[in-house]
Amino acid sequence: MDALTATLIASALMFVVAFPTYILYVLVRRSSTSGSSSDPYLCGEGVEDFKNSISVGSSNFFWGSTSANLKKFYSVLRDSIHSGVLNDWLFYMGIWLSLGVLLSFIVISAGGRL
Amino acid sequence: MTSFNVLLAVLSALIYPGLFFLVVVGLLTQWYIRKLVGRLQNRIGPKYVGPLGILQPFADVVKLIFVKEEVSFRGRLDKFLAIFMALGLGALSAAMLFTPISPYVVRSPYDVVVFIYLMLWSTIAFAVIGLSLSNPFTVAGSSRFLTQILFAEPALATSLLATVIVLTKSTSTPLSIYSSLTGGRFNIVAAVVITLSLISFFIASIAKTLIKPFDIPEAETELAGGLLAELSGPALGLATILHYAEVAFLTLITTMVFLGGPYPFSYGELLGALVFALKYLAVLTLIAVIKASVGRIRIEQSASILIKYVFSLSVVALLIASFF
């Protein structure tokens with residue numbers, strides 16, 4: 001089979017398995033869920049407007065990676081490259097442009113082979 | 001496709017090597033890890049249900065799904081997270097059909113891309129679990145999980161890609177999982193690439209399945225279970241099944257892709273199945289020893305280890321596989 005057929009078959013089979021699993025969950029759950037919904041339990045405190053008070057902003061989801069690992073990267077970018085001196089900025093742009101040229105050379109030369 | 005093929009494909013996805021097989025092997029895997037970790041820590045481990053407690057994980061899951069009630073509350077997206085867990089199980093079951101142990105094999109050139117895409121679904125399911133329960137612990141767990149996965153998942157994909165590239169180079173079906181598992185070209189470059197990829201894939205799969213030392217997203221003493229803190233009853237049962245199906249799936253893939261599967265025998269032989277099972281148990285034993293002997297590391301340590309030593313290793317393997 002070709003790649004498209006394989007993708008379609010795999011995706012279809014994924015749903016073939018997922019659908020009965022979900023139906024089974026709903027059937028079992030309906031018989032055992034306890035009555036009406038209640039408020040979330042937060043350390044014994046009643047929370048009125050819980051959606052605002054306990055949800056975390058989406059910008060904080062990657063705090064681990066940004067604060068721990070990319071901190072040095074950002075500090076280099078901010079302090080030594082974007083220092084306000086024009087030469088630093090030209091150096092920074094020069095690096096990116098030369099990287100782009102290098103990548104395009106690799107892609108073009110590899111494209112001839114592939 | 002003829003109607004026989006359709007039936008075979010559906011049965012393969014639902015029973016063997018799909019859903020039923022993954023659930024049974026996943027729960028047996030859970031028993032083996034729990035028992036071994038227990039013995040390594042001078043505990044007995046599972047004991048009462050079945051011989052040597054082998055049926056304990058089954059009893060736990062049956063109790064969670066059919067006996068325990070699910071406590072629900074306002075603002076929680078119960079059915080949404082169940083849909084994603086079901087899709088995660090479906091994706092793992094469908095991915096098993098790319099391997100030679102399946103009666104109905106899905107195979108095409110470049111199908112490794114689809115395979116990697118299917119592997120991603122269980123990760124998405126676990127991220128969605130944390131985000132759809134409005135609780136600070138689950139959100140914090142989800143945040144850590146996403147941070148860890150940001151480095152673990154690319155390492156998994158890259159190391160798998162490197163191995164499949166090197167094994168299917170200059171064959172008629174390039175980048176096909178099935179071809180790399182059955183008719184791979186093995187040479188010295190392949191040996192180097194597979195060794196590097198094995199180390200990278202193994203550590204990344206431990207990080208992906210939240211096994212110690214990478215269990216900071218569900219740190220029980222700190223986050224009260226993190227991602228799974230608010231789950232109970234059938235939802236927790238489903239999450240347990242998905243988690244151990246994922247452990248079993250990644251261990252099976254490690255055994256098949258990087259350790260040669262039933263080599264020196266072939267798929268379908270009795271001795272081959274025995275060798276396969278021994279390799280599978282060896283990988284699980286290594287996981288259990290690591291789990292029993294190391295402590296939990298912090299999230300920035302985990303991210304740092306994954307990017308410095310695991311992802312970089314897989315990139316080196318990919319470069320070697322591409323240029324030699």
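Cut-offs used in this document
Within every chain, residues take consecutive numbers counted from 1 along the sequence as written. Chain A is the first chain written and ligand 1 is the first ligand written, with later ones labelled in order. Restriction of local features to residues with pLDDT of at least 70 applies here, the model being predicted, together with a cutoff of 80 or more for giving and counting side-chain atom pairs; totals for whole chains, interfaces and linings are based on all residues. The basis for every side-chain value is the complete set of non-hydrogen atoms in the structure, without hydrogens or water. Here a helix means four or more residues in a row that DSSP labels H or I, a strand means two or more in a row labelled E, and each is numbered from the N terminus. Only protein chains enter the accessibility calculation, which uses a 1.4 Å probe. A residue is then buried if its area is under 20% of the maximum for its type, exposed if over 50%, and partly exposed in between. Multiplying one less than the number of residues by 1.5 Å gives the expected span of a helix. Criterion for a salt bridge: a side-chain nitrogen of Lys or Arg within 4 Å of a carboxyl oxygen of Asp or Glu. Axis geometry follows a simple rule: fit a line to the C-alpha atoms, using only the stretch in contact for helices, then measure angles between N-to-C directions, giving values from 0 to 180 degrees. Any angle that is under 35 degrees is reported as roughly parallel, and any over 145 degrees as roughly antiparallel; angles of 65 to 115 degrees are reported as roughly perpendicular and all others as oblique. Whether two residues touch is decided by their heavy atoms; if any such pair falls within 4.5 Å, the residues are in contact. Throughout this entry, Asp, Glu, Lys and Arg are counted as charged residues, while Ala, Val, Leu, Ile, Met, Phe, Trp, Tyr, Cys and Pro are counted as nonpolar. The remaining residues, Gly among them, count as polar.

Enquirer: Even after reading the chapter, I still don't get the overall build of chain A, so can you show me in this structure?
Expert: Within chain A one finds five helices and zero strands. Across chain A, helices and strands are ordered from the amino to the carboxyl terminus as α-α-α-α-α. Split into buried and exposed, the 114 residues of chain A put 22% on the buried side.

Enquirer: Help me understand helix 6 (residues 136-168) of chain B, please; the structure alone is not making it clear to me.
Expert: Residues three or four positions apart in an α-helix share a direction because the helix packs 3.6 residues into each turn. Residue and element names in this part refer to chain B. For helix 6, with 33 residues, the first-to-last C-alpha span of 47 Å sits near the 48 Å given by 1.5 Å per residue. Along helix 6, 27 of the 33 residues are buried, which leaves the element largely enclosed by surrounding structure. Positive phi shows up at Ser 170, right after helix 6, with a value of about 55°.

Enquirer: Mind showing me how you'd approach the pattern of salt bridges here?
Expert: Where side chains of opposite charge bring their charged atoms close, a pairing between them can arise. What the rule picks out here adds up to seven salt bridges over all chains. Here B:Glu70 and A:Arg29 are joined by a salt bridge, their closest N and O atoms 3.1 Å apart. You can see B:Glu70 sitting in the loop between helix 3 (56-67) and helix 4 (78-96) and its partner A:Arg29 sitting in helix 1 (residues 3-30), one on each of two chains. For the pair B:Glu70 and A:Arg29, a shared accessibility class is recorded, and that class is buried.

Enquirer: When you look at the packing of helix 8 (residues 188-208) of chain B against helix 10 (residues 233-258) of chain B in this model, what are you seeing that I'm missing?
Expert: When two helices pack together, their arrangement is given by the angle between the helix axes and by the axis-to-axis distance. Residue and element names in this part refer to chain B. Two numbers describe how helix 8 lies on helix 10: the axes approach to 10 Å, and their chain directions differ by 180°. Our classification of the angle between helix 8 and helix 10 gives roughly antiparallel. When helix 8 is examined against helix 10, the residues Ile 194, Ser 197, Leu 198, Phe 201, Ser 205 and Lys 208 are found in contact with a partner set consisting of Glu 246, Leu 250, Ile 253, Thr 254 and Phe 258. Its residues placed into classes, the contact of helix 8 with helix 10 shows six nonpolar, three polar and two charged.

Enquirer: What exactly am I supposed to notice about the packing of helix 2 (residues 19-40) of chain B against helix 10 of chain B here?
Expert: Residues and elements named next belong to chain B. Running from N to C, helix 2 and helix 10 cross one another at 90°; their axes reach a closest spacing of 8 Å. In terms of axis orientation, helix 2 runs roughly perpendicular to helix 10. Between helix 2 and helix 10, the contacting residues are Phe 21, Leu 22, Val 23, Val 25, Gly 26, Thr 29, Gln 30 and Ile 33 on the first element and Ile 241, Tyr 244, Ala 245, Val 247, Ala 248, Phe 249 and Leu 252 on the second. Partitioning the contact of helix 2 with helix 10 into residue classes produces twelve nonpolar, three polar and no charged.

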